[in-house]
Amino acid sequence: MNTIAQVKSVAAIIALTASMTATSILTVTPAAAQSTSDSQSEASLSVVMEFLANTTPDKVEAAAERLAAPDATYISLNFDNPELQQILPWTGTNYGPKAFSSLFLQLAEYWETEDFTVTDQIASGEDVAIFGTFTYRSLTLDHVFTSPFSIHAKVRDGKMTYFQFMEDTYASASSFRQSGSWTVKTVEDKAPFTVGAE
């Protein structure tokens, strides 16, 4: 797992290389400014991790009210896909603390969480990136799948103002497939093929 200090070191090397390549002039950030940036990064990461630690049905509404800004944007899996919303109704772009809580309340009605593991955490000022994996079991069909996930969040004044969650939507939607298949044609010189169980 990367620490904020490790991320800052990598970022400093990239910034230094880009600066030297472009202009051959080295700019040094004052220690006080670096300290402020580090503490803002740590605070931003703390808010997002606190929210993720409180997403169970009995805690998520209070956590969302406490940690999400009134006008916060929550983007789940895509900006707007009506067909996917028929399967996963929380997807798309929604706003405010209720967008955060209602999503996790609905998830609990669809899946049992068997595992949710954060593998990497990166924070830079207001921006936070979280990466990991989860394993869910669909409650209706007992289908289990494991997916990578990524989160990009923005935190300002102790509140999340933006939260984008990405996962393997093919796997998550397929956990509810009771029957049926697709005939797919991807490129002109390849024959159509079938995916999914009949």
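Residues numbered from 1 in each chain as written. Predicted model: local features only at pLDDT ≥ 70, side-chain atom pairs only at ≥ 80, totals over all residues. Heavy atoms only, no water.

Caption draft 1: Summary view of helix H3 (residues 60-67). When H3 is considered as a whole, its buried residues turn out to be Val 60, Ala 63, Ala 64 and Leu 67. Down the axis of H3, the smallest arc covering the buried residues is 100°, so these residues share one side. (Buried < 20%, exposed > 50% of the residue type's maximum accessible area, 1.4 Å probe, protein only. Helix = DSSP H or I, 4+ residues; strand = E, 2+ residues; numbered from the N terminus. Arc of directions from axis to C-beta.)

Caption draft 2: Spatial organisation of the environment of Thr 56. Structurally, Thr 56 is set in the loop between helix H2 (31-52) and H3. A C-alpha to C-alpha distance of 7.8 Å links Thr 56 and Ala 108, two positions 52 residues apart in sequence.

Caption draft 3: Quick look at the nonpolar core. With 39 residues, the main nonpolar core has Val 48, Phe 51, Phe 100, Met 160 and Phe 163 as its most contacted residues. If sequence neighbours within four positions are ignored, Val 48 has contacts with Val 128, Ile 130, Ala 153, Val 155, Met 160 and Phe 163. (Core = buried A, V, L, I, M, F, W, Y, C linked by side-chain atoms within 4.5 Å. Contact = heavy atoms within 4.5 Å.)

Caption draft 4: Seen up close, the pairing of strand E5 (residues 144-156). Here E5 shows a buried face lined by Phe 145, Ser 147, Phe 149, Ile 151, Ala 153 and Val 155 and an unburied face lined by Val 144, Thr 146, Pro 148, Ser 150, His 152, Lys 154 and Arg 156. Where strand E4 (residues 127-138) meets E5, 11 bridges bridge the pair, whose relative direction is antiparallel. Looking across to E5, one finds that Phe 134 is bridged to Ser 147. Counted between consecutive antiparallel strands, the loop separating E4 from E5 contains five residues, among which Asp 142 sits at a positive phi close to 65°. Relative to strand E6 (residues 159-167), E5 is paired through eight bridges, and the arrangement is antiparallel. Paired with Phe 149 across the bridge in E6 is Glu 167. Where E5 folds back on E6, the antiparallel hairpin that results is connected by two residues, among which Asp 157 adopts a positive phi of roughly 55°. (Pairing = 2+ DSSP bridges.)

Caption draft 5: Focus on the pattern of salt bridges. Evaluation of the coordinates by the stated rule reveals five salt bridges. The shortest N-O distance in the salt bridge between Glu 114 and Arg 137 comes to 2.6 Å. With Glu 114 in strand E3 (residues 111-124) and Arg 137 in strand E4, the pair connects residues that are 23 residues apart, well separated along the chain. In this structure, a network of salt bridges that share partners links the residues Glu 114, Arg 137 and Asp 142. (Salt bridge = Lys/Arg side-chain N within 4 Å of Asp/Glu carboxyl O.)

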